[in-house]
Structures are given as C-alpha cells and as structure tokens.
Amino acid sequence: MSAESGRLQRENKTVGKMIALYCQHHHKPENGYLCSDCIELKAFCERRVERCVYGANKPVCSKCPIHCYKPAKREQVRQVMRWAGPRMLLHHPILAIRHLWEERRPLPPRPGKKFRKDSA
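Every chain begins its residue count from 1, and numbering advances along the sequence as written. Whole-chain, interface and lining totals are the exception, using all residues; otherwise, since this is a predicted model, local features are given only for residues with pLDDT of at least 70 and side-chain atom pairs are given and counted only at 80 or more. Side-chain numbers here rest on the full set of heavy atoms in the structure, without hydrogens or water.

## Topic: helix α4 (residues 93-103)
The periodicity of an α-helix, 3.6 residues per turn, causes residues three or four positions apart to be oriented the same way.
Argument step 1. Within α4, burial applies to Leu 95, Ala 96 and Glu 102. Projection of α4 onto a plane perpendicular to its axis shows the buried side chains occupying an angular sector of 125°, all on one side. For α4, exposure combined with an orientation more than 90 degrees from the buried face picks out Ile 94, Ile 97 and Trp 101. To sort residues, take the accessible area from a 1.4 Å probe on protein chains only and compare it with the maximum for the residue type: under 20% means buried, over 50% means exposed, and anything in between is partly exposed. In DSSP terms, a helix is any run of H or I states spanning at least four residues, a strand is any run of E spanning at least two, and both are numbered starting from the N terminus. The arc in question is the one spanned by the directions pointing from the helix axis to the C-beta atoms.

## Quick word on helix α3 (residues 71-91)
Argument step 1. Multiplying 1.5 Å by the residue count of a helix minus one yields the expected span of that helix. Taking 1.5 Å of rise per residue, 21 residues should cover 30 Å, and α3 covers 29 Å from first to last C-alpha, within 8% of that figure.
Argument step 2. Every buried residue of α3 is accounted for by Lys 73, Val 77, Val 80, Trp 83, Ala 84 and Met 88.

## So, the packing of helix α2 (residues 36-50) against α3
Between two packed helices, what matters for the description is the angle formed by their axes and the separation of those axes.
Argument step 1. Direction vectors running N to C along α2 and α3 enclose 105°, while the axes themselves pass 11 Å from each other. Looking at the two axes, α2 sits roughly perpendicular to α3. Listed contacts from α3 to Glu 40, Leu 41, Phe 44 and Cys 45 of α2 are Lys 73, Gln 76, Val 77 and Val 80.
Argument step 2. In the contact of α2 with α3, the residues fall into five nonpolar, one polar and two charged. All axes here are fitted lines through C-alpha atoms, helices being fitted over the stretch that makes contact, and every angle between N-to-C directions spans 0 to 180 degrees. When an angle is under 35 degrees it counts as roughly parallel; over 145 it counts as roughly antiparallel; between 65 and 115 it counts as roughly perpendicular; any other value is oblique. In what follows, residue pairs with any heavy atoms lying within 4.5 Å of each other are defined as contacts. By the convention adopted, Pro, Cys, Tyr, Trp, Phe, Met, Ile, Leu, Val and Ala count as nonpolar, Lys, Arg, Asp and Glu as charged, and the other residues, Gly among them, as polar.

## Concerning the pattern of salt bridges
Argument step 1. What counts as a salt bridge is simple: a side-chain nitrogen of Lys or Arg found within 4 Å of a carboxyl oxygen of Asp or Glu. Across all of its chains, the model carries seven salt bridges by this definition.
Argument step 2. In this structure, the salt-bridge partner of Lys 58 is Glu 11, at a minimum N-O distance of 2.8 Å. Taken together, the positions of Lys 58 in the loop between α2 and α3 and Glu 11 in helix α1 (residues 3-26) put the pair 47 residues apart, joining distant regions of the chain. Across the pair, Glu 11 and Lys 58 agree in class, each one buried.
Argument step 3. The salt bridge partner of Glu 102 is Arg 105, with a shortest N-O separation of 3.3 Å.
Argument step 4. Take Arg 105: its relative accessible area is 31%, and that puts it in the partly exposed class.
Argument step 5. Through salt bridges that share partners, Arg 7, Arg 10, Glu 102 and Arg 105 make up one connected network.

## Thoughts on the environment of Lys 63
Argument step 1. Inspection of the secondary structure assignment puts Lys 63 in the loop between α2 and α3.
Argument step 2. Sequence spacing of Lys 63 and Glu 103 is 40 residues, and the spatial spacing of their C-alpha atoms is 7.3 Å.
Argument step 3. Beyond its immediate sequence surroundings of up to four residues, Lys 63 is in contact with Glu 103 and Leu 107.

## A short note on the packing of α3 against α4
Argument step 1. It is at 6 Å that the axes of α3 and α4 come closest, and there the two elements cross at 130°. Classified by the angle their axes make, α3 and α4 are oblique. Residues Met 88, Leu 89, Leu 90 and His 91 of α3 touch α4, and the partners they reach there are Pro 93, Leu 95, Ala 96 and Ile 97.

These results come straight from atomic positions and should not be treated as a statement about function.
See below:
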C-alpha cells in the first residue's frame, strides 16, 4: 500500500468514524452502529473519495474547489462534520489531528487543466 492510497483510506476511515459518532448520538440505531440513512451516507462519501478527480493528491473536501457532492448530501455531511468534528478529538484523537494537518496542506493544481501555449 502506498502512502497516498493510505491517505485516502484514512480519509474514508475518518469520515466513517464521524458518521458513526453522529448516528449513535442522534439516531440511536438498533444494531448499535449505523442506521440505514447513515450507512447510505457513508457509502456515498466513500464513492466520492474513490472517484475524486484529484486522485491520490486529493485535498480535504472542505477546501476542494470542485463540488462533487449533491447539495442535499453536502449539507448532510456538513451537519455531521460540524457536530462530530470537535468530538473526534476525544474519541479518535489521532484521526482528528491527522485530518486537521491535512487541512493545512496547500491545494494541488487542478487536474486535467493543461497550460495553453499562445500561438504567435
């Protein structure tokens, strides 16, 4: 496993833990882990990370100039992150600190954009 694919796996793990914290507090699922809506949200987030146009150089979603989430899902994820983010420091401190560190990385150049040479 490369360091870059490890970053993407860690991002999926972090989002999964945030969704789990949120779901356990707000929805209190019977199975003790996630309700069906949160399972769907987690799967959606994982698909988006896998299909990100930045690939291995993916920035954190909050800093990304390309909005690949549908507006309704984006608001749902934002709500989960706002609630679970501060609590991640208590429940999963290493993941939280790594996520905060990733936020500080500079934004990579937008993929697929090639520099156009002016024909003179």
